[in-house]
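Coordinate inspection notes
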Amino acid sequence: MKQYIDEAEKVLMHTYNRYKIVLDHGQGMYLYDVNGKKYLDFTAGIAVFALGYNMEEYNEALKKQVDTLMHTSNYFYSIPTIEAAKKLAKASGMDRVFFTNSGTEAVEGAIKLARKYFYKKKGKAGGEIISMEGSFHGRSMGALSITGTKKYREAFEPLIGGVKFATFNNLDSVKNNINDNTCAVIMEPVQGEGGIYPATEDFINGVRKICDDKGILLIFDEIQCGMGRTGSMFSYQGYGVKPDIITCAKALGCGVPVGAFVATEDVSGAFEPGDHGTTYGGNPFVGVAVNKVLDIYESESILDNVNTVGQYLSLKLDELKQRYSFITDHRGRGLMQGLELAFPVEEIIANALNMGLILISAGKYVIRFLPPLILDKSHVDKMIDILTICLDNV
Ligand SMILES: *Cc1c(COP(=O)(O)O)cnc(C)c1O
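Residues numbered from 1 in each chain as written. Predicted model: local features only at pLDDT ≥ 70, side-chain atom pairs only at ≥ 80, totals over all residues. Heavy atoms only, no water.

1. Examining the packing of aromatic side chains
So the rule is basically this: Between the rings of Phe, Tyr and Trp (Trp by its six-membered ring), a pair exists once the centres lie within 6.5 Å; its type follows the angle of the planes, with under 30 degrees stacked, over 60 edge-to-face, and the other angles tilted. For every residue, the accessible area (1.4 Å probe, protein chains only) is compared with the maximum for its type, and the residue is labelled buried under 20%, exposed over 50%, or partly exposed between those bounds. For a ring to carry a charge above it, either NZ of a lysine or CZ of an arginine must fall within 6 Å of the ring centroid while also lying within 35 degrees of the normal to the ring plane.
Taken as a whole and assessed by the stated rule, the structure comprises nine aromatic pairs. Ring centres 5.4 Å apart and planes at 40° place the aromatic pair Y324 and F326 in the tilted group. Neither residue differs from the other here; Y324 and F326 are each classed as buried. Here a set of aromatic residues connected by ring pairs shows up, and it is made of F98, F261 and F271. The aromatic ring of Y197 is capped on one face by R331, whose charged end is 3.8 Å from the ring centroid. Cation over ring: R333 sits above Y239, and NZ or CZ is 3.9 Å from the ring centre.

And the structure:
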């Protein structure tokens, strides 16, 4: 493995401090490195592999499409894309879909749609966006501009203008940032990269009400917390609040690069031909992936499993919090959970990896749990056993 890692460090740009393993293949809840060592996976490629690895039904559908037609450009229609859009619109309770190639592009599209909606309504440009401190929306310039962590943004300024940051879960802070040019409020209903912070019911309902009163669009970034992760198909459904635009990616394709922004009929109507585009976005290959993923969510009752096992995981993490005084907080919904420690978690994660458990952090102090959604309680027990040893060694 060392040779591969040395080569990688010569040829890949150093934008990540990668874990020192080279992964080779996966099966269900497990990943294997090139030496054949087995790892229990509680990260799912950052909330991507919701259905676990090497799922036959999914693989077969993709292989078939490779031999049929992978790409058409968006000047043509294709059946997998039409079917995927219908299913995604239904699952989200929204009306119209634009497929992208990643999460950050979905966010870019959502920003453009909100600004175009403002432009049409007010007859002028200049729509401002309110985002949240601690939020994460992606790495491209628009998405970065609304990402609420200064250290990600600073070196890349000037970013897009007309962005304000409010304090997450503080309604007054949102109110204080609103003016006549505010076109949208964007938030993750459960902040992911920022440290697994769920919105409170009062906050999310309160923001919806403010937006309704002032004619402002509400955008939910569901890229990490959506696709069943928190126990409902999209996390806003668990809160009972309906947005005007959502962004989706990560588990949407379960490994195939695909994202989407989805909006109501009224809001979608702001876009006209020529306003937005993508060469690859929503091609038949990714269309098949989205179709299969959404089908399997139904046939395998994925949401029921998230609710059952999510509750169990939450219980077990609460027990850890009781046992170790240096665990300062436990937060999360469904299978999106976090443990906050009084010191950096890097070493614990490295030790877990040595013992065959893949975990990631969210910021310096939070261990993040994002397992494939197909796990059962025995996987939780196994994870807790290994993590307990790592915590005992602190
Ligand atoms: C991962 C993530 C993104 C960015 O998605 P990419 O596919 O990495 O561009 C945006 N928003 C949230 C909430 C995310 O978790």
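Now, onward.
2. Describing the sheet that holds strand β13 (residues 327-333)
The test is simple: A pair of strands is treated as paired once DSSP finds two or more bridges between them. Here a helix means four or more residues in a row that DSSP labels H or I, a strand means two or more in a row labelled E, and each is numbered from the N terminus. Every residue pair with non-hydrogen atoms within 4.5 Å of one another is taken to be in contact. Each axis is a line fitted through C-alpha atoms, and for a helix only the stretch in contact is used; angles between axes span 0 to 180 degrees, taken between their N-to-C directions.
With respect to topology, four strands assemble into an open sheet ordered β13-β14-β17-β16, the strand pairing being antiparallel. Either end of the sheet is taken by a strand with one partner, and the two such strands are β13 and β16 (360-361). Bridge count for β13 against strand β14 (residues 336-341) is six bridges, and the pairing is antiparallel. Across the sheet, residue I327 finds its bridge partner in β14, namely L341. Packed on one face of the sheet, helix α15 (residues 377-392) meets β13, β14 and β17 (366-369) and runs near 170° to β17.

3. Some remarks on the nonpolar core
Using the following cut-off: Definition of nonpolar core: a set of buried residues of the types Ala, Val, Leu, Ile, Met, Phe, Trp, Tyr and Cys, connected through side-chain atoms within 4.5 Å. For every domain, the bounds stem from an assignment made automatically or drawn from a database.
Ranked by internal contacts, the top residues of the largest apolar core, which has 95 residues, are F42, M227, Y297, F369, M383 and L387. The element contributing the most residues to this core is helix α12 (residues 284-299), with nine residues. Looking at which domains feed residues into this core, each of domain 1 (58-299) and domain 2 (303-362) gives three or more. Formed by 23 residues, the second largest nonpolar core is a distinct cluster that contains I111, A114, Y117 and I129.

4. As for the domain arrangement of the chain
Threshold: Summed over both partners, buried area is the accessible surface (1.4 Å probe) that two parts give up on being assembled. Each reported salt bridge corresponds to a side-chain nitrogen of Lys or Arg within 4 Å of a carboxyl oxygen of Asp or Glu. Under the rule applied, a polar contact is a pair of N or O atoms within 3.5 Å (in protein, one hydrogen donor and one hydrogen acceptor; residues adjacent in sequence only if both atoms are side-chain atoms). Gly is placed with the polar residues, together with every amino acid not listed as nonpolar (Ala, Val, Leu, Ile, Met, Phe, Trp, Tyr, Cys and Pro) or charged (Asp, Glu, Lys and Arg).
Per the domain assignment, the segments making up the chain are domain 1 (58-299) and domain 2 (303-362). Between the C-alpha centres of domain 1 and domain 2 the distance comes to 27 Å. Facing 19 residues of domain 1, the contacting portion of domain 2 comprises 13 residues. With both sides pooled, the region where domain 1 packs onto domain 2 buries about 1300 Å², and carbon together with sulfur makes up 61% of that total. In terms of surface lost to domain 2, no three residues of domain 1 exceed I196, R229 and G231, which account for 39% of the buried area on that side. Here E201 and R333 are joined by a salt bridge, their closest N and O atoms 4.0 Å apart. For the pair domain 1 and domain 2, the number of links is four residue pairs in polar contact (both at pLDDT 80 or more). At the level of elements, β8 (190-191), β9 (197-198) and α10 (235-239) are the ones that each hand at least two residues to the side of domain 1 that touches domain 2. Across the side of domain 1 that touches domain 2, the residue classes break down as seven nonpolar, nine polar and three charged.

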